[in-house]
Amino acid sequence: MALLEALIEHKWPLLASVVTLYALHSILSYRRLRQFGGPWGVGFSEIPHDIQTYRGNGHDWYRKANDKYGPIARVGPNSLITSSADVWIHVNTKPGYKRSERYFKAARLEYQRDNVFSQTNTKLHDERRKQLAPGYSGRDNPVLEQTINTQILALLTLIRTHHHHLPPPTHDHHTRLRTFPPLSRPLDLSKTIQYLTLDIISALLFTRPFGLLRANADAGGNTFMALHLSWLAQAPIIGKDVPEKGDVVVVEGREVFMPGGATIGYSAVAMHRDKKVYGEDADLFRPERWFEPDEGKLAAMLKVNELTFGHGRWQCLGKNVAQMELNKTVFELFRHFDWAIAYPAKPWDIFNAFGLFLISDMWVQVTARGV
């Protein structure tokens, strides 16, 4: 009671002290990264960053920050974002950088128990990664490719059974009448691909798939698990702490000092749509750019594209598995079917949930190719 009375009696001096300390802390925080430009207010508060994150607009906000303020921009009192592939490769290979606890601890599946993705102790991370690597490479899993093949066949069966058109209309030479294929049900590709991903993961981990493709449904809430596993496979936008003594990086030919303790991440959208790498039409879907006879440009694009899976000791362990899935699945889907977006004006719904892009309602019409 006496303590409460004392606090009430001296409330104004105490309030003034708190405000002064907060202002001093804000000024010192601002000064540490004052050389880096950024959106209004980010030097003093996390609020602008948090607003954009919760709205699902973080990726666009980061890109605009890099476009306006340069390859390294400020997005928080102690946070930087880069669109430079060279800077991000440097961060992921030079000793001394570590995962930021603020962001990676949120990736724990169990309370106070780390997995290989949430582990911020570099030594422990490297030890766990070394233990897991053989399983992902296929050395300890001789049925890796066979397992993927089996689930892709299940995907093709699902589409043939429930969703595909017959080949295009033909002429009956006896009746001279055109025969039309029966209508089929549109396919929500966003869900079906999640079923494929989780059936492959479960078959590799438990030797038996969850059976989502066979059932054409998720009766056990496994898609939620798939979303979490997918998020674990992707590095968050913000995530590496600069070494205590700071570090010097080269940005567009000039040296830039980053203070120790600052956190830096990369803007995937800005990096993978960099006009200096991909050309002035970087925002356009133009696959032909990968076949142009410019070896220097191709090498630069491949260098950036590889960063999709991370780099160095932090590279995604499942990279080889994911690439095998992609190559086989895309080939087989286009080998057996023709595809059309069911609703071209709105092909899908998409939301950026803390670095994981959630795609839903991607409805397509599928026509068998008769191969």
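See the structure shown above.
Our subject in this report is the structure included herewith. (Residues numbered from 1 in each chain as written. Predicted model: local features only at pLDDT ≥ 70, side-chain atom pairs only at ≥ 80, totals over all residues. Heavy atoms only, no water.)

Some words on the packing of aromatic side chains
In the structure shown here, the tally under the stated rule is five aromatic pairs. Positioned above the aromatic ring of tryptophan 314, the side-chain terminus of arginine 313 is 5.9 Å from the ring centre. (Phe/Tyr/Trp six-rings, centres within 6.5 Å; stacked < 30°, edge-to-face > 60°. Lys NZ or Arg CZ within 6 Å of the ring centre and 35° of its normal.)

Overview of the environment of methionine 362
Among the secondary structure elements, methionine 362 is positioned in the loop between strand E14 (356–360) and strand E15 (363–368). Residues methionine 362 and serine 190, 172 residues apart in the sequence, show an inter-C-alpha distance of 5.4 Å. When neighbours within four sequence positions are excluded, methionine 362 is seen to be in contact with Leu187, Asp188, Leu189, Ser190, Pro347 and Trp348. (Helix = DSSP H or I, 4+ residues; strand = E, 2+ residues; numbered from the N terminus. Contact = heavy atoms within 4.5 Å.)

Re the packing of helix H8 (residues 144–162) against helix H9 (residues 189–206)
Each pair of packed helices can be summarised by the angle the axes make with each other and by the distance between the axes. Relative orientation of the contacting elements H8 and H9 amounts to 150°, with a least axis distance of 10 Å. Considered as vectors, H8 and H9 are oriented roughly antiparallel to each other. In this structure, H8 crosses over H9, and the sense of that crossing is right-handed. Between H8, through Leu144, Thr147, Ile148, Gln151, Ile152, Leu155 and Leu158, and H9, the contact on the second element is made entirely by Thr192, Leu196, Asp199, Ile200, Ala203 and Leu204. Grouping the amino acids of the contact of H8 with H9 by side-chain chemistry returns nine nonpolar, three polar and one charged. (Axes fitted to C-alpha atoms, helices over the stretch in contact; angles between N-to-C directions. Parallel < 35°, antiparallel > 145°, perpendicular 65-115°, else oblique. Left-handed = near helix turned anticlockwise from the far one by under 90°. Nonpolar A, V, L, I, M, F, W, Y, C, P; charged D, E, K, R; others polar.)

Quick look at the environment of proline 48
Relative to the elements of secondary structure, proline 48 occurs in helix H3 (residues 47–55). The class of proline 48 is buried, set by a relative accessible area of 19%. Sequence spacing of proline 48 and tryptophan 61 is 13 residues, and the spatial spacing of their C-alpha atoms is 9.9 Å. Those residues within four positions of proline 48 in sequence are excluded, and the remaining contacts are Trp40, Gly41, Val42 and Trp61. (Buried < 20%, exposed > 50% of the residue type's maximum accessible area, 1.4 Å probe, protein only.)

Don't take any of this as a statement about function, it's just geometry.
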